[in-house]
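So you can see what is in the structure, the chains are spelled out below.
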Amino acid sequence: MSVKSTLPLHSRAKELRLDGFSLTVIEGPGSGASFRAEMREVSVGTAQGNDLVLADPTVSRHHFSLSATPEGYLLKDLGSSNGTWVSGMRVLSGYVEPGARVRVGRTTLLVDQVNEDICEALSPEDGFGPLLGQSSAMRRIFAALPRVAQSDSTVLLEGETGTGKGVLAAAIHEASPRATGPFVVLDCAAIAPTLIESELFGHVKGSFTGAQADRAGAFEQAKGGTIFIDEIGELPLDMQPKLLRALEERSVKRVGGNQRVKLDVRVIAATNRDLRTEVNRNAFRADLFYRLNVVRIHVPPLRERTGDIERLARHFHADLVPDNPIPDDLLESLRRQSWPGNVRELRAAIERAVLFNDPAILALGNDVEPAPGVKDRDDDIDLEVPFRVCKQKASDQWERRYVRALLRATHDNISEASRRVKMDRSHLRTLLRKYGFRGADEGGA
Ligand SMILES: Nc1ncnc2c1ncn2[C@@H]1O[C@H](COP(=O)(O)OP(=O)(O)OP(=O)(O)O)[C@@H](O)[C@H]1O
């Protein structure tokens, strides 16, 4: 797949063009039906909300999705019951070529490239409110946000933990006509299932033990503003029809109350799961999913937009050390990590690097001093263990982190590593063995 050249705007592209594709049913019920993708992602299944709806009862409600990406056509099984098959292999997630035949249930579909490109606008900005990013993945989201913010549509944010869904929700609210109204956050994962109803909709005095006074729930508190329902995938099944009703009627009833109160509230929900998969396994109601899935924004993990690391790192570092730019070595070391905890983890790592001079993060040779007023950590000192043992343990831990940072900084090139820190090569080898590291490349010594 090619990403076609785009018009430069201040030296950056203003749109992303991806190879268009079509899906044609070549075997099974509905044979001959064809669907041409107009957006990046197409979902296929038997449920009505899919882009391509199949009539085959052996196909799952949300069976698979196919997306045009700069790397190729990405096929993802959405937790179907009998799998998505290409060339006799079951595929959970993988790239397929034009001409690929995808088998789902008793249906076979042909993936074909079409002449019309899929065109996506990219924002010329590398941020939206507090949300930063210069990757095309983020600028594509930024391009859509002004319109999303101006509308009152329900938004569903999807993405791994720490990708910035909370910041994004707040940014949408801030840019919306509701900005002067409240922004109320309710995290379904942080509330005991028995209390969720009262937290969402409020309660009247005496409706349950502990309900000592009438209390407004998050919906009522968000009146005139936005409610952000985080981790919506954790919402217990028995609560889902109640939330659906609140969304449809824009009204709530307090626990123990008998009146429904009409409310003007905008809803933004977030999840780190694919709710389509949850619908397939009956853990999430399909009707609620469709009601939430009006505007869907997928925030990609940081490892899929490594181009954002530098922008974010400079920002977080400048927050902590406004007078010094981030050291190049630190940046280099940050760029090479995979960040399973995404932006949250990146920020925490920079804080640790700056505050504690952590050599696992700080690449060698930078001279960031601990911030003034910051106390050294002593929570790893065990006074029950003899001094000598404790010191040896700490020294080993530090040595291991040092070697790890050195290997990262030199891309496992042992010759370069030993030159760089003026360590004898045989000693470095001893340390590699001691800590179980493998120097992949000797480099030109
Ligand atoms: N694009 C971004 N620009 C600036 N800061 C960001 C960005 N993305 C995330 N952050 C920062 O990373 C941290 C985590 O972000 P946030 O809480 O919004 O993630 P999340 O996706 O909602 O995580 P979770 O699913 O665990 O709730 C926040 O401190 C936020 O400031």
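Residues numbered from 1 in each chain as written. Predicted model: local features only at pLDDT ≥ 70, side-chain atom pairs only at ≥ 80, totals over all residues. Heavy atoms only, no water.

You'll find the chain entered in an unreviewed UniProt entry as Sigma 54-interacting transcriptional regulator, with Polyangium mundeleinium given as the organism.

Caption draft 1: Just the site of the ligand, in detail. Around the ligand, the surrounding shell holds 18 residues, and the nearest of these are Leu-132, Thr-161, Gly-162, Lys-165 and Gly-166. Between the ligand and Thr-161, the relevant distance is 2.5 Å, taken from an oxygen atom to a side-chain nitrogen or oxygen of the residue. The fraction of the free accessible surface of the ligand (620 Å²) that becomes covered by protein chains is 86%. Only β18 (131–132), α2 (165–174), α8 (307–320) and α10 (342–356) provide two or more residues apiece to the shell around the ligand. Looking at the shell around the ligand, its residues break down into seven nonpolar, five polar and six charged. (Near = heavy atom within 4 Å. Polar contact = N/O pair within 3.5 Å; in protein donor to acceptor, adjacent residues only side chain to side chain. Areas by Shrake-Rupley, 256 points an atom, 1.4 Å probe, with all protein chains shown as cover. Helix = DSSP H or I, 4+ residues; strand = E, 2+ residues; numbered from the N terminus. Nonpolar A, V, L, I, M, F, W, Y, C, P; charged D, E, K, R; others polar.)

Caption draft 2: Representation of the sheet that holds strand β25 (residues 295–298). Within the open sheet, the five strands sit side by side as β20-β21-β24-β19-β25. Their pairing is parallel. The open sheet has two edge strands with one neighbour each: β20 (183–187) and β25. Within the sheet, the average angular offset between the axes of one strand and its neighbour, ignoring direction, is 20 degrees. In this structure, β20 lies alongside strand β21 (residues 226–230), joined through five bridges in parallel fashion. Residue pairing across strands places Phe-183 opposite Thr-226, the latter belonging to β21. Taken strand by strand, helix α1 (residues 136–150) contacts β19 (155–158), β24 (266–271) and β25, and its axis lies near 150 degrees from that of β25. (Pairing = 2+ DSSP bridges. Axes fitted to C-alpha atoms, helices over the stretch in contact; angles between N-to-C directions. Contact = heavy atoms within 4.5 Å.)

Caption draft 3: Region of interest: the sheet that holds strand β6 (residues 34–36). The strand order across the open sheet formed by six strands is β6-β5-β15-β14-β11-β12, and the pairing between neighbours is antiparallel. Each edge of the sheet is formed by a strand with only one pairing partner; in this case those strands are β6 and β12 (89–90). Sheet topology places strand β14 (residues 101–104) next to strand β15 (residues 107–113); four bridges connect them, and they run antiparallel. Looking at the pairing, Arg-101 lines up with Leu-110 of β15.

Caption draft 4: Main features of the confidence of the model for the chain. The predicted model of the chain has a mean per-residue pLDDT of 86, with 89% of residues at 70 or higher. Below a pLDDT of 50 lies the segment residues 362–377, which in the model reaches 29 contacts outside its immediate sequence neighbourhood of four places, other chains included. Between residues 440–445, whose pLDDT stays under 50, and residues either more than four places distant or in other chains, the model counts 15 contacts. Across the interfaces of the predicted complex, the ipTM metric reaches 0.98, alongside a pTM of 0.77. (pLDDT = per-residue confidence, 0-100.)

Caption draft 5: How the structure looks around unusual backbone geometry. A positive phi angle is found at Glu-231, which is not glycine, with a value near 50 degrees. Within the secondary structure, Glu-231 sits in the loop between β21 and α5 (240–249). The class of Glu-231 is buried, set by a relative accessible area of 17%. Despite not being glycine, Arg-250 has its phi angle at roughly 50 degrees, a positive value. Along the chain, Arg-250 turns up in the loop between α5 and β22 (251–253). Classification of Arg-250 by relative accessible area gives partly exposed; the value is 22%. (Buried < 20%, exposed > 50% of the residue type's maximum accessible area, 1.4 Å probe, protein only.)

Caption draft 6: Local environment of the nonpolar core. Leu-200, Phe-219, Ile-227, Ile-229 and Ile-232 are the most contacted members of the largest nonpolar core, which totals 31 residues. No other element matches α5, which puts four residues into this core. The contact partners of Leu-200, leaving out residues within four places of it in the chain, are Leu-186, Gly-217, Ala-218, Phe-219, Ile-227, Ile-229, Leu-235 and Met-239. Within the second largest apolar cluster, 26 residues are counted, among which are Leu-18, Val-44, Leu-75 and Val-104. (Core = buried A, V, L, I, M, F, W, Y, C linked by side-chain atoms within 4.5 Å.)

Caption draft 7: Seen up close, the UniProt feature "domain: Sigma-54 factor interaction" (unreviewed entry) in the chain. In the UniProt entry, the feature "domain: Sigma-54 factor interaction" (unreviewed entry) is given for residues 131–355. With 42% helix and 14% strand, the stretch residues 131–355 has end C-alpha atoms that lie 24 Å from each other. (UniProt positions renumbered as here; feature names shortened; annotations may be inferred.)

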